[in-house]
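Report on the structure
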Amino acid sequence: METSTDQDIVKLKALRKMKASALSLLGVAVLLFIIAIYFKIPMLQAFSEAAMVGGIADWFAVVALFRHPLGIPIWHTAIIPTKKNEIGENLGNFVSEEFLNREKLEIKLEEFNFAVKASDWLSQEENADKIANAIALNIIPGILKAIKDEDIKRFIQVQFKEKLEAINFGDWVALALEPLQKGNVKDRLLTNLLEVMSAELSNNKDLIRKKVKESTPFLSFGLADKSISEGIFNGLQEFLNEAKNPESEIRIKIDEYVYDFLDKVKNSEEMRVKINNMILDFAGKKEVQDYVNGIWDEIKLSITNDIGKGDESSIKKNIASLIQSFGNGLKEDPVMIDKINNFIKNDLLSVLLNNKKVIGDLISSTVKSWDGKEVSEKLELEIGKDLQYIRINGTLVGGLIGLVIYGVEWTYHYFIM
């Protein structure tokens, strides 16, 4: 895609080429004039003289728009840079009075049917991709770059803390544990837990022996540690086996402890406050805070990496799909189309017309703020190429008029006098 600078270079080359063509044609007229004088050819002299006059006059007229011809400050030359303020004011008045006219604009809006054309344009995959590409490559990275990471992390921290403080975890825990007090859910859960503990104890028998050996005196030569480890293992296993029996004294005590805990969670405000504070204290630990801070870094990195995939970007594809779906949905919704068109025709148009003087003044002040020389150069770059045709036409038309004048004069001398 060509940049603005590349386009300006192309336009400048085209302008110089056309200037060279117009100057070359004027040079031909001068050469013909010299030939006509030297060889005494009246008709050619009349053509070349008029061509030179026409070419030079039109050169003067074209140059006088943008600068002083040959740098000489002749009156009423360099019109654009010297009359910039008047041009801006007239342009502002012209736009506000001629373009911002309710009757004309309403007719054009009725003919254009903005909502239908917009829906047709957006529903095309190519156009949806263009918008999505612009958003993914320009808008999103721009937003990510403009946003300060510290502000986002601070915002997340504040929101995280406020949301946690708004939650009564004690009530949640009480609500979640309430079913354990009903039926045999608690008994099944406790039995399963004891089964798991028993199995883990058997699986870690060697680890228990190792820990016991590390703790016994070196001089026992391993005689005591085996006996101790077996005693510990058998004691724990016996305790767990007895606890699994719903009728055992150990199980009854465990049931009483669990029931007492559940009852306190459900009915004791103090217990619920303790649970709530415990969770909030845990959330306030540095490790948790570091994790929360890292959420934004992960989000930002994920977005950046995804956008870097180009056409394979999930974000870009989703945006394009959303735009295209919106366009297709709009086409099939005549009520929404009418609402959009009426909004543009009535509300938006009213705002525009109520501020047309402001718009005119904005155009005028904007043009006045421009540098005169820069404006002149930019305008010449845009329209100067076409203006060179005036010089070319002036040279050719001037020559033809010279021939006509010569013909009239010759006819008068030879047939009338």
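Summarised in this report is the structure supplied together with it. (Residues numbered from 1 in each chain as written. Predicted model: local features only at pLDDT ≥ 70, side-chain atom pairs only at ≥ 80, totals over all residues. Heavy atoms only, no water.)

1. Some words on the overall build of the protein chain
So the rule is basically this: Helix and strand definitions follow DSSP, with helices as H or I runs of at least four residues and strands as E runs of at least two, each counted in order from the N terminus. With C-alpha atoms as the basis for the radius of gyration, the globule rule is written as 2.2 Å multiplied by the number of residues raised to the power 0.38. Should any heavy atoms of two residues lie within 4.5 Å, those residues are counted as being in contact. Computed with the Shrake-Rupley method and a 1.4 Å probe, the accessible areas treat only the protein chains shown as cover for residues.
In terms of helices and strands, the protein chain carries 19 helices and zero strands. Relative to the globule expectation of 22 Å for 417 residues, the C-alpha radius of gyration of the protein chain, 46 Å, shows a markedly less compact shape. At a minimum sequence separation of 6, the contacts of the protein chain that also span at least 24 residues come to 71%. In the structure as shown, the protein chain presents an accessible area of about 28500 Å², 63% of it carried by carbon and sulfur atoms.

2. Some details on a nonpolar patch on the surface
Keep this limit in mind: Put simply, a patch holds well-exposed residues, over 30% relative accessible area, that have no salt bridge, with like charges counted together within 9 Å and Val, Leu, Ile, Met, Phe, Trp or Tyr side chains within 5 Å. By salt bridge we mean one thing: a side-chain nitrogen of Lys or Arg within 4 Å of a carboxyl oxygen of Asp or Glu. Note on classification: 1.4 Å probe, protein chains only; a residue is buried when its accessible area is under 20% of the maximum for its type, exposed when over 50%, partly exposed between these limits.
Together, L31, I35, Y38, F39, I41 and M43 line one region of the surface with nonpolar side chains, adding up to about 630 Å² of accessible area. Among the elements that make up the nonpolar patch, the one with the highest residue count is helix α1 (residues 4-39) (four residues). Taking relative accessible area as the criterion, I35 reaches 30% and is therefore assigned partly exposed.

3. A look at the environment of K117
The topology assignment puts K117 in helix α6 (residues 114-123). Linking K117 and F160, residues 43 residues apart in sequence, is a C-alpha distance of 45 Å.

4. Looking at the packing of aromatic side chains
Rule in force here: Pairs were defined over the aromatic rings of Phe, Tyr and Trp, the Trp ring being its six-membered one, requiring ring centres within 6.5 Å. Orientation was assigned from the angle between planes: stacked under 30 degrees, edge-to-face over 60, tilted for the rest.
In the structure shown here, the tally under the stated rule is one aromatic pair. Taken together, a centroid distance of 4.9 Å and an interplanar angle of 85° make the contact between Y38 and F39 edge-to-face. For the pair Y38 and F39, a shared accessibility class is recorded, and that class is exposed.

5. Some points on the nonpolar core
Operational definition: Nine residue types can take part in a nonpolar core, namely buried Ala, Val, Leu, Ile, Met, Phe, Trp, Tyr and Cys, and a core is a set of them joined through side-chain atoms within 4.5 Å.
In terms of nonpolar packing, the biggest core is built from 14 residues, with I140, I156, W296, I319 and I323 touching the most fellow members. For this core, the elements supplying multiple residues, two or more each, are α7 (125-146), α8 (149-166), α15 (286-307) and α16 (314-331). Discounting chain neighbours no more than four positions away, the residues touching I323 are L122, A128, I131 and A132. Counting residues in each nonpolar core, the second largest holds seven residues, with L190, L194, L201 and L240 among its members.

6. Re the side chain of S123
The line we're drawing: Here a polar contact is recorded for every N or O atom pair within 3.5 Å, except that within protein the pair must consist of a potential hydrogen donor and a potential acceptor, and residues adjacent in sequence are included only if both atoms are side-chain atoms.
Among the secondary structure elements, S123 is positioned in helix α6. Residue S123 is classed as buried on the basis of its relative accessible area of 10%. At a separation of 2.9 Å, a polar atom in the side chain of S123 contacts the main-chain carbonyl oxygen of D120. If sequence neighbours within four positions are ignored, S123 has contacts with Q324, G327, N328 and K331.

7. Let's talk about the pattern of salt bridges
Counting across every chain of the model gives 13 salt bridges. K316 is the partner of D311 in a salt bridge, and the nearest nitrogen-oxygen pair spans 2.8 Å. Judged by its relative accessible area of 10%, K316 falls in the buried class. Taken together, the shared-partner salt bridges connect K19, R67 and E380 into one network.

8. A short note on the packing of helix α13 (residues 249-267) against helix α14 (residues 269-283)
Definition in use: Axis definition: a line fitted to C-alpha atoms, over the contacting stretch in the case of helices. Angles run 0 to 180 degrees between N-to-C directions. Roughly parallel means an angle under 35 degrees; roughly antiparallel means over 145; roughly perpendicular covers 65 to 115; every other angle is labelled oblique.
α14 packs onto α13 with a crossing angle of 90° between their chain directions and a minimal axis gap of 5 Å. When the axes of α13 and α14 are compared, the pair comes out roughly perpendicular. Seen from α13, the contacting residues are F261, K264, V265, K266 and N267; seen from α14, they are E269, M271, R272 and I275.

9. Re the side chain of D306
Rules: For the charge count, each Lys or Arg is scored as positive and each Asp or Glu as negative, with His and the chain ends excluded.
Here D306 shows up in helix α15. As a buried residue without a salt bridge, D306 has its nearest oppositely charged side chain in K309, at a separation of 4.4 Å.

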